[in-house]
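Residue-level structure breakdown
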Number of protein chains: 2
Amino acid sequence: MAGIEDKILSFQDYMKKITDFNSAIALLDWDSRTKMPKKGVAARSEALGTLSSTVFQMQVSPEMRAFLEELEAGKDQLDLKTRRMLEISRKFYDLNQKIPAARFHEFVVLRTQAEAVWQEAKEKSDFAMFSPYLAKIVDMTKEFIGYWGHKDHLYDTLLDMYEEGLTVSVLDPLFANVRKQTIAILDQIKDAPKPDKHFLERRFDPEKQRQFSEFILHQMGYDFDAGRLDETVHPFATGIAPGDVRVTTKYLPNFFNSALFGSIHEGGHALYEQNISDDLAGTPLHTGVSMGIHESQSRFWENIIGRSHEFWQRYFPDLQKMFPDELSDVTTDQFYKAVNAVEPSFIRIEADEVTYNLHIMLRYELEKALITGDLKVADLPGAWNDKMQDYLGITPPNDSEGVLQDVHWSDGSFGYFPSYSLGNIYGAQMIRALGKDIPDYREQVAKGEFSSIRHWLKTHIHQYGSLYKPDEILRKATGEGVDTSAIFDYFNRKFGRIYGF
Amino acid sequence: MAGIEDKILSFQDYMKKITDFNSAIALLDWDSRTKMPKKGVAARSEALGTLSSTVFQMQVSPEMRAFLEELEAGKDQLDLKTRRMLEISRKFYDLNQKIPAARFHEFVVLRTQAEAVWQEAKEKSDFAMFSPYLAKIVDMTKEFIGYWGHKDHLYDTLLDMYEEGLTVSVLDPLFANVRKQTIAILDQIKDAPKPDKHFLERRFDPEKQRQFSEFILHQMGYDFDAGRLDETVHPFATGIAPGDVRVTTKYLPNFFNSALFGSIHEGGHALYEQNISDDLAGTPLHTGVSMGIHESQSRFWENIIGRSHEFWQRYFPDLQKMFPDELSDVTTDQFYKAVNAVEPSFIRIEADEVTYNLHIMLRYELEKALITGDLKVADLPGAWNDKMQDYLGITPPNDSEGVLQDVHWSDGSFGYFPSYSLGNIYGAQMIRALGKDIPDYREQVAKGEFSSIRHWLKTHIHQYGSLYKPDEILRKATGEGVDTSAIFDYFNRKFGRIYGF
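Read on for an overview of the structure. Bear in mind that the values here come from a model prediction, so they are computed numbers and not experimental data.

Turning next to the overall build of chain A. Within chain A, the secondary structure is distributed over 21 helices and three strands. By its C-alpha atoms, chain A is 75 × 50 × 45 Å across when sized along the principal axes. The 501 residues of chain A split such that 58% are buried. Of the roughly 19200 Å² of accessible surface on chain A, 49% is carried by carbon and sulfur atoms. With 57 positive and 75 negative side-chain charges, chain A shows a spacing of 1 Å between the two charge centroids.

Our next topic: the sheet that holds strand E1 (residues 229–231) of chain B. All names here are of chain B. Taken in spatial order, the three strands of this open sheet run E1-E3-E2, and their pairing is mixed. Whereas interior strands pair on both sides, the edge strands pair on one side only; in this sheet they are E1 and strand E2 (237–241). Each strand axis lies, on average, 30° off the axis of its neighbour in the sheet, ignoring direction. Taken together, the three bridges between E1 and strand E3 (residues 244–249) define a ladder with parallel strand orientation. Along E3, the bridge assignment pairs Glu231 with Thr249. Contacting E2 and E3, helix H10 (residues 256–274) runs over the sheet at an angle of about 165° to E3.

Comparison of the two chain copies shows a relationship of rotation about an axis with a shift along it. In screw terms, the move from chain B to chain A is a rotation of 180° and a rise of 0.0 Å along the axis, fitting with an RMSD of 0.0 Å. On this basis, the relationship between the two copies can be described by a two-fold rotation axis. Taking C-alpha positions as reference, the residue of chain B nearest the rotation axis is Ala24 of chain B, located at 3.4 Å. A share of 100% of the interface residues of chain B reappears at the interface of chain A, consistent with the copies meeting face to face through the same patch.

Residue and element names in this part refer to chain B. Inspection of the secondary structure assignment puts His462 in the loop between helix H19 (451–460) and helix H20 (470–478). Judged by relative accessible area, which is 0%, His462 ranks as buried. The contact partners of His462, leaving out residues within four places of it in the chain, are Leu271, Tyr272, Asn275, Ile276, Gln297 and Leu457.

Moving on, we come to the sheet that holds strand E2 (residues 237–241) of chain A. Residues and elements named next belong to chain A. Overall, mixed pairing links the three strands, which are arranged E1-E3-E2 in an open sheet. Among the strands making up the open sheet, the edge pair consists of strand E1 (229–231) and E2. Each adjacent strand pair in this sheet contributes to an overall mean axis angle of 30°, direction not counted. Packed onto the sheet, helix H1 (residues 4–34) meets E1, E2 and strand E3 (244–249) and runs at close to 140° relative to E2.

All names here are of chain B. With the rule as written, the count across this model stands at 73 aromatic pairs over all chains. Arranged with centres 5.0 Å apart and planes meeting at 80°, the rings of Phe204 and Phe323 form a pair that is edge-to-face. With Phe204 in the loop between helix H8 (168–189) and helix H9 (206–220) and Phe323 in the loop between helix H12 (309–322) and helix H13 (324–327), the pair connects residues that are 119 residues apart, well separated along the chain. With a relative accessible area of 0%, Phe323 lands in the buried category.

Rules used in this analysis
Residues numbered from 1 in each chain as written. Chains lettered and ligands numbered in written order. Predicted model: local features only at pLDDT ≥ 70, side-chain atom pairs only at ≥ 80, totals over all residues. Heavy atoms only, no water. Helix = DSSP H or I, 4+ residues; strand = E, 2+ residues; numbered from the N terminus. Buried < 20%, exposed > 50% of the residue type's maximum accessible area, 1.4 Å probe, protein only. Areas by Shrake-Rupley, 256 points an atom, 1.4 Å probe, with all protein chains shown as cover. Lys, Arg positive; Asp, Glu negative; His and termini not counted. Charge placed at Lys NZ, Arg CZ, Asp CG, Glu CD. Pairing = 2+ DSSP bridges. Axes fitted to C-alpha atoms, helices over the stretch in contact; angles between N-to-C directions. Contact = heavy atoms within 4.5 Å. Least-squares fit on C-alpha atoms with pLDDT ≥ 70 in both. Phe/Tyr/Trp six-rings, centres within 6.5 Å; stacked < 30°, edge-to-face > 60°.

Here it is, written out as structure tokens:
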């Protein structure tokens, strides 16, 4: 088969071009959330629409089709990297070549506009302002599922985009199990004395919060020469390119947890992106493989490390030094219990580890109902509040703290939320595996030494980027498939000690 | 000629796509100078290379050729906007379709790398570090002139890119005249008492400088909802998109002028871009028409307005309030004279109005010699210092304050520098014309009222973007072609008063 080497090189060039466009898209997106002046919205939507459409068209073009057909015929001669790019490209091609280019472009423009509207609607707690945009996003998502096709459930198609192979038929029983075990824990906790946490709501100077976030990110090993920290309404991390992985956080003057644990969370995402092998640079494999694996990294750092007793043994004295007036009357133990207090709350990103998964299930149920048409967008705020009452026993005082709290729907990211709970579950499996290789990892955390932990994560997860499927990565790292036993062992041990059960 | 409407629409879509790509390029470039972490350089160069190449290829593609041929055949049926886009596209096509795409890509990547190297070389005052990059840029520029072709002088091709129609045969005598008249002024000044300006080098808190820059930009009418101010080594303004025109400046703790007049200068560029007619949005005409006209706007605001006595009558009390310790012993008149002191200096962007044009001529001469091969890059620092001695009678203490001071060569922008002097000359012609329409404009400046001035500039210059050629814009605004009488009338009147001649 003469000439396949040339074909491979052309395919790699083509993929490189897509990668460069995606890098530009990531920067335009980062900028639109952090630095862009407000009158720039309209033109930015257009530019993002044009770039995303260009990438989309490259992924479903006759040229791509020719690459797929010719290289699949010579599959044996391909290295692992090229084979995996081919596999991902094929999947995308088969899914999307039926979507009219103009509709895709409209969808991208709509999403950018919707995010700007959502931001304002959230500030004003005005769901009606956001509602028509969300309705259009839901309609277009349903239209796209029509093109994409689906297996058993319409929603399966969306799940598969964030976690290859995941279906409602897997998730429904998994979540039922999580719900049952979560309720069992909450039952054991409900009569225990509540940890004092009023001191978390003292006034913490935002500038000092920023300094402390920066300090902790440094400690974690986040490389500021290959990244930066900014402030946004909704914190996020983004891998713009190799050597350029940025995080954002939000400084609430009257609630300490938001910025600190938000920074650690996004730092966890960023460490993943910063530690992908250089071998994968210039390819679409130089990014985290799935949202579930990505969230496993962010939630790992935020909770398993960042909310551990050992972590605060090491860092609480530094925190007290930074905030002497606010924290001099607080002990490490009190602080540890306060940041781990389990109780129903309105805001997902500020929820404790145990109730967090209930926030996810609520969104999962509502998304499924929106997609099947069982729920209309106009009825969403009511449905949200009803479910909050059902799952958590509380009702948000307004939509800003309820249905408008998350950015995801404005972005059309239906099917994403379950990734957070998968991340929690994977993360617990990973620390169980890591604990076998590094038996004294807790002592290391207590000394602020994270290099072995980071090395373990890099070796078992980060370096691979998207070279393997999520399930393969999980198996490589832990020797097992998805399994809820680790997380509930972890919950029971940790919260058993805190709440004495 | 059925179907030309469709052709026109397709051409407009095609131009819109180019415009969106250029907007992304402008953002990537802005970010690489302001926010990007340093390890992002390599990948950013690649992404910029890919995007610029894509635009380049679209401009010389068979599709573009078809647009040109079909629409030129039906020229009478085109509106002004489409006709002008066609004219610009044709010019670019004829120039560039012979440049190999791969060479163009390499040039873009080289420039991005070179700028990063230049920045470090400037900090370290290490010309040798920058030299190999500059040599490659000069070589590639010469190679490109080979593809582009040239009229009388190799350098004409470069001049024409920044100022349509300009040639060495026009510029040489124009500059000879400017040099003669400049020397006449310097002769009259040299024995006059020097204005005291030591107070400009007191310590001015950078944060307060930032606040004052922001205040003045607001006063000028720069719209912060459609822009932002950041800090960079080399100040610049960039029109990223309609509604998104950004400026940067540099705060030197021990020299006040740099940030303030830099901000006003970039603000002048930005006002131009912010006041282009919305009719031109989504087309490549939504940008300033030439570097000469652009610099006329920046230098107009920086010098003719920002260094006028009336301006400081109005704003010096505000400045004193901001810096009471630093400026309480200074009068408005002393300050006015200090910021207008004429004397040889090393740094172009900090030069007074009169000697400024000598800095430009020096660069113009060196560029011509580099392009003809009469001067080698290795000999550039020596040649720079010799010319500084010849033109200004001083020799820079190091290359950082000499040959390395400007960003332009790292960017391959040969042919750009003359635009600054053209801008000075045009600006003086414009204020002469404006003065006929608004006889009391000086009184308005003295009250901090800029709306009539801004309106005049918008009506006569800004709104048109690139809809007309630079020469047409100048004639529309002033009723005349390029002419040095206005600037020397202005210089003689202004500096005659200050220096008593």
